[in-house]
Amino acid sequence: MESGLLSLLSISIDFETSHLFFPRIIHWIMAGLLALILVTKVAPFMVAVKRGERTIPIVGEARDNFRFFGTLVLIVAYFYFMAVVGDIFPYTGYGFLMVSMAFVLLMSLLYLHDWTKKAITIVVVNAIVAPSLAWFVLAKLFTITLP
């Protein structure tokens, strides 16, 4: 009886595949979000194309190309510079910290509508505090290796 209870309470970890647990969850979430996009955006688009409509409903308003392409450039730069700065300070997380501060600052400025002194102060404080807090929790409290 006791060996049966011990087997229920014991945990075995397959280290060859255990690192795939969270990526699989993320893949399923992303697949679900893709399906949601296809149903809500692409299906009405295809119906409008089949009817021969000249205006096709995809998004409720025009896209801001500067912000759209600026976001894409900043995301690519974020991952590129994360590796570059991470190689300068290996296994310390300083790459994550410094690049995340710059990324949050630039993204916030990109989407900032009213450039007042108060708004810019809030953006700068947020760009310093949020990544620092994330870095402290991940790198120092949970000892997760960051780039």
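Residues numbered from 1 in each chain as written. Predicted model: local features only at pLDDT ≥ 70, side-chain atom pairs only at ≥ 80, totals over all residues. Heavy atoms only, no water.

1. Regarding the UniProt feature "transmembrane region" (unreviewed entry) in the protein chain
Heads up, the condition is: UniProt positions are given in the numbering used here, feature names are shortened, and annotations may be inferred rather than shown by experiment. Starting at the N terminus, helices and strands are each numbered in turn, a helix being any DSSP run of H or I of at least four residues and a strand any DSSP run of E of at least two.
The positions UniProt marks with the feature "transmembrane region" (unreviewed entry) are residues 25–47, 68–85, 91–112 and 119–138. The annotated region residues 25–47 carries 100% helix and 0% strand content, and the separation between its end C-alpha atoms amounts to 32 Å. For residues 68–85, helix accounts for 100% and strand for 0%, while the C-alpha atoms at its two ends are 25 Å apart.

2. Quick look at the packing of helix 4 (residues 94–111) against helix 5 (residues 117–141)
Here is the rule we go by: To obtain each axis, a line is fitted to C-alpha atoms, and for helices this fit is confined to the stretch in contact; angles are then taken between N-to-C directions over 0 to 180 degrees. Reported orientations rely on four angle classes, namely roughly parallel under 35 degrees, roughly antiparallel over 145, roughly perpendicular from 65 to 115, and oblique for the rest. Two helices crossing with the near one rotated counterclockwise from the far one by less than a right angle form a left-handed crossing, whereas a clockwise rotation gives a right-handed crossing. The criterion used for residue contact is that any of the two residues' heavy atoms lie within 4.5 Å.
At their nearest, the axes of helix 4 and helix 5 sit 8 Å apart, and the two run at 150° to each other. In this view, helix 4 runs roughly antiparallel relative to helix 5, as classed from their interaxial angle. Pair helix 4 / helix 5 crosses with right-handed handedness. In this structure, helix 4 contributes Tyr 94, Phe 96, Leu 97, Ser 100, Met 101, Val 104, Leu 105, Ser 108 and Leu 109 to the contact, and helix 5 contributes Val 123, Val 124, Asn 126, Ala 127, Ile 128, Pro 131, Ser 132, Ala 134 and Trp 135.

3. A word on helix 3 (residues 65–88)
Operational definition: Between the first and last residue of a helix there are one fewer steps than residues, each counted as 1.5 Å, and that sum is the expected span. Throughout, exposure labels follow a simple rule: accessible area from a 1.4 Å probe, protein chains only, divided by the maximum for the residue type, with under 20% read as buried, over 50% as exposed, and the rest as partly exposed. Each polar contact in these results corresponds to two N or O atoms within 3.5 Å; when the atoms are within protein, one needs to be able to donate a hydrogen and the other to accept it, and residues that are neighboring in sequence are counted only if both atoms are side-chain atoms.
An ideal rise of 1.5 Å per residue puts 34 Å on 24 residues; helix 3 measures up with 34 Å between its terminal C-alpha atoms. Residues of helix 3 that are buried include every one of Arg 67, Gly 70, Thr 71, Leu 74, Tyr 78, Met 82, Val 85 and Gly 86, and no others. Those residues of helix 3 that are buried are in contact with helix 4. Regarding helix 3, its N-cap is Asp 64, as a side-chain oxygen of that residue lies 3.3 Å from the backbone nitrogen of Phe 66 further along.

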